Every structure is written in C-alpha cells, then in structure tokens.
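One letter stands for each residue in the lines below.
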Amino acid sequence: MSPAVEKGVMLEPFVHQVGGHSCVLRFGEQTICKPLIPREHQFYKSLPAAMRRFTPQYRGVVSVSFEEDEEGNLCLIAYPLDSDPATDLVNNEHSVDCDPKSKMMTWGKMMASSLLADSKDGRSRNSRKDKEKSVQKLQEDMELEWLKQAEVLYYRLEDSHSNAVPQLKHNPWSLKCHQQHLQRMKENAKHRNQYKFILLENLTWRHTVPCVLDLKMGTRQHGDDASEEKKAMQIRKCQQSTSALIGVRLCGMQVYQSDTDQLMFMNKYHGRKLTLAGFKEALFQFFHSGRRLRHELLSPVLSRLREMQAALEACESYRFYSSSLLIIYDGEEDEDDEDEEVQAEPEMDEEEEEEVGEVAGASVVDVRMIDFAHTTCRHYREDSVVHEGQDSGYIFGLQNLITIISELENQSTD
C-alpha cells in the first residue's frame, strides 16, 4: 500500500443504505460520509438547535480521492481538510474503533465478488481480460436485474461480523448506488480527482441487525431551483404514489425476519407503486419480526414523531423538499424478550404499561430526518424564493404517519 493511502482512511461501502441515489460510504464504525452538496452542507452548519436531535450529527468535511493500486483495483481514500478541525476528531475515532486487519480490502474486489455472487444468470461469471468492459458489464447486468424483478428481495442472513464481503450481498440498493458512483468517478478521474464529502453520524452502528425504513416525506419533492422538466417529473411521481394522498411514500426498507433468518428488502420503485393499503401493510411488515409485531417499538416511535412535529411547527420558513425520514431499530431480539411475550405478566394500569413499553423500545429505536439537498429557508441568502410559515406538506405526512402507526398500536393491543 502506498504511503499516501496509509495517511488517509480507506472508505468502505455502507451496506445499510436502503434509499436515495447518493453514494453513502463507511468512514469508521460510528461515522459515514456522502458527497458534499453545498445546500445540504449549509443546512447542517446552520441547523436550528431544536432540530439537532432529529438529524444525524454533523462531523466535518473530508477530501476524497479516487485511486487505483498496482492491480487496477479501485480505492476511495479520505484525507482530512486542514481547514476543518472537526475532521481530525473523527479520524481519531476511526483509528480507535476499526480493526486495521479486518477490512482493508480494495473496492474493486469487494464490488466484483459481491456482484458476481448475486448474479441470477451466468453472464457475469465469464472471465474477461479487459477490466474496463467487465466493470461496465457488471453495472449493466445489475441495472437489468433491478429493472426486471428486484423490487422486493430476500437474503439469508450470514454470520459475517469480521468479514465485510458477505454483508455486501445483503443490500442490493447500496450496491447499485456504489457501483454507479464509482463508475462516474472512474470516468472523471482524468479531469478531477478531489471530491469533498461530508461526515455524518452512522445511525445504525449500535445495532447488530439494523432494520431501516426510509420514507420520502411531504406532498412536494422538487426544489425551488428545479427545471420545468424535473418539476413535472417530481409532481407526476407524487401524484402516482401515496405522496399526494398522505404526504409520505416508501423509499426503501430493510427488515430482519427472525423466523426464517432472512433480510427482506423493498426499494423505491416498489414503494412508488404502493396504494394506501399497501403502504400500511409495508409498515406492518417493517415492525414485524416474522414471529410477532414488535409493539414495544411503536410507542417510542410515535413519541418521537410527535416531538418532531412540534419542532417542525416551530420552524419558520423552512421547506424540506425531497427530504427523508429514517426509522431504525435492531432486528436482533434478546431471547428473554421473546419469552416474556408468552409468559403471564402482573396486572398493570395503562400508564404503567406505557412507561415500561417506552423504556424498552426507546433504547433500540431511532427516528431521524436525512437528505437536505433541496432544503430552503430565509437564511439561505442566494435563494430567490422565500417561503412563509411551516412546511405544511411535511407536517401533513408526519400526521398521517402518526395516525397509521397509532392504528397498528391499537390493533396490536386488541
């Protein structure tokens, strides 16, 4: 490995990305990074204090370069920016929490092995001398597979605590984003090889088997700066999905089903087709372990959503166009927890039951807002449009989400 690589941090695929088209990478156990978009960067730096607990923690900026080793394998290396003191702290975190021997694999090998392993037909197995064509073919094969039938997928869970490669097979959406981004960077490498990425808190790091729901919020998705073509396309997507009806649609989902030891994935293409009944069914699936509905999670999620609604109602002039809401919990349950479900419990009044449920669920569930590339507010001086009042479309989506999850909670208690 070159001395330059040793000074930097080799980035790895972040395997729990379930939605969005931006390439999210793993910087350290507790930190991810994604390409810097000036508007999103501005949002994180000028975030109102009341909103901080509802968004991932911002941890600075790194410079990322695209490099190849002697064998032509692709690597993405992050280097600290001298001007950003927050970055150095995270680099220290990285060196403490990351086993240097376990995951220093190059991207080329990671991507190729995972894609080849997942290929449904034999086309990808043909050995090709021309690596350029082979990478391109893998990408095309993957696109075809996704367009044909991969809107909902199941994979068996593998024991892969120390080895990153089998985990890559678990989330086809993250692979799709990584492969496309890597290809673009490879094509641009001759002209440009310095990219700025922002560092953010990894919301899944505490969980053994993260279950992640990505919901696109609001009745409008296009930013004020969108072209007429983009605007028309986003309006059409909203009208043809649950976005126009209830202000929220499914953008991606990964959930662990313990009865079959499988992970189930649902992507945004499937999410757009869901009717209101289908959306409710998907939420039920997300909170279901395969054995039972995880009703201890519902009360903490509802509390968090109500708190978020109150915070947004106090946010004057903000519009969170095309922003997502993440709900995350650990799919791995303690056996004791499952046994307790069956055993007879002492009588409790409603207030006591609620308190116990909230404590149990709050420790394993998280609700956050992400993706602020099209966010605007009156502090953004360069914006030509200044909005008044609250983001009513986003709040409408939150209210409907609260209603639907409340219905789930009532059904589970009945």
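Refer to the preceding data block for the structure.
The shown structure was predicted, so the numbers you read here are calculated from the model rather than taken from an experiment. (Residues numbered from 1 in each chain as written. Predicted model: local features only at pLDDT ≥ 70, side-chain atom pairs only at ≥ 80, totals over all residues. Heavy atoms only, no water.)

S.K.: Please clarify how the environment of Gly218 should be interpreted in this entry.
M.R.: Inspection of the secondary structure assignment puts Gly218 in the loop between β9 (210–217) and α8 (228–239). Owing to a relative accessible area of 4%, Gly218 belongs among the buried residues under this scheme. Spatially, the C-alpha atoms of Gly218 and Tyr321 are 7.1 Å apart, while their sequence positions differ by 103 residues. Apart from the residues lying within four places of it in its own chain, the contact partners of Gly218 are Ser243, Gly247, Val248, Gly393 and Tyr394. (Helix = DSSP H or I, 4+ residues; strand = E, 2+ residues; numbered from the N terminus. Buried < 20%, exposed > 50% of the residue type's maximum accessible area, 1.4 Å probe, protein only. Contact = heavy atoms within 4.5 Å.)

S.K.: Looking at this structure, how should I read α8?
M.R.: For α8, spanning 12 residues, the distance from its first C-alpha to its last is 16 Å, which sits close to the expected 16 Å at 1.5 Å a residue. All of the buried residues in α8 are Gln234, Lys237 and Cys238. Seen end-on, α8 carries its buried residues on one side only, within an arc spanning 100 degrees. Facing away from the buried surface of α8 by more than 90 degrees, the exposed residues are Glu228, Glu229 and Gln239. Buried residues along α8 sit against α9 (242–246), β10 (248–257) and α10 (268–273). (Expected span 1.5 Å × (residues − 1). Arc of directions from axis to C-beta.)

S.K.: Would you mind showing me how to read the nonpolar core here?
M.R.: Of all hydrophobic cores here, the largest spans 63 residues; its most connected members are Phe287 and Leu325. Tallying contributions element by element places helix α15 (residues 392–413) first for this core, with eight residues. When near neighbours in sequence (up to four residues on either side) are disregarded, Leu325 contacts Leu213, Asp214, Leu215, Met217, Leu305, Met308, Val367, Arg368, Met369, Tyr394, Leu398 and Leu401. Residues Leu11, Val62, Phe66 and Leu199 belong to the second largest nonpolar core, which totals 17 residues. (Core = buried A, V, L, I, M, F, W, Y, C linked by side-chain atoms within 4.5 Å.)

S.K.: How do you make sense of the pairing of β10 when you look at a structure like this?
M.R.: Each regular strand carries side chains that alternate between the two faces of the sheet. With respect to burial, β10 is a largely interior element, 10 of its 10 residues being buried. Note that β9 and β10 share six bridges and pair antiparallel. Within β10, the position partnered with Leu215 by the bridge is Leu250. Both β10 and strand β11 (residues 262–266) contribute to a ladder of five bridges, which runs antiparallel. Within the sheet, the bridge partner assigned to Gln257 lies in β11 and is Gln262. Counting the residues in the hairpin turn of β10 and β11 gives four residues, including Asp261, whose phi is positive at 55 degrees. (Pairing = 2+ DSSP bridges.)

S.K.: Explanation requested: the packing of aromatic side chains in the structure shown.
M.R.: Geometrically, a pair of aromatic rings is defined through the distance of the ring centres and the angle of the planes. The final tally for this structure, using the stated rule, is 12 aromatic pairs. Measuring from ring centre to ring centre gives 5.5 Å for Tyr44 and Phe372, while their planes differ by 85 degrees; the resulting arrangement is edge-to-face. Residue Tyr44 is found in helix α2 (residues 38–45), and its partner Phe372 is found in the loop between β14 (365–370) and β15 (374–376); the two are separated by 328 residues along the sequence. When sorted by exposure, Tyr44 lands in the same class as Phe372, which is buried. Here Phe286 and Phe287 contribute two aromatic rings whose centre-to-centre distance is 5.0 Å and whose plane-to-plane angle is 70 degrees, an arrangement assigned as edge-to-face. The class of Phe286 is buried, set by a relative accessible area of 0%. Among the aromatic residues, those joined into a cluster by ring pairs are Phe43, Tyr44, Tyr58, Tyr318, Phe320, Phe372 and Tyr394. The ring of Tyr321 carries Arg220 above its face, with NZ or CZ at 3.9 Å from the centroid. (Phe/Tyr/Trp six-rings, centres within 6.5 Å; stacked < 30°, edge-to-face > 60°. Lys NZ or Arg CZ within 6 Å of the ring centre and 35° of its normal.)

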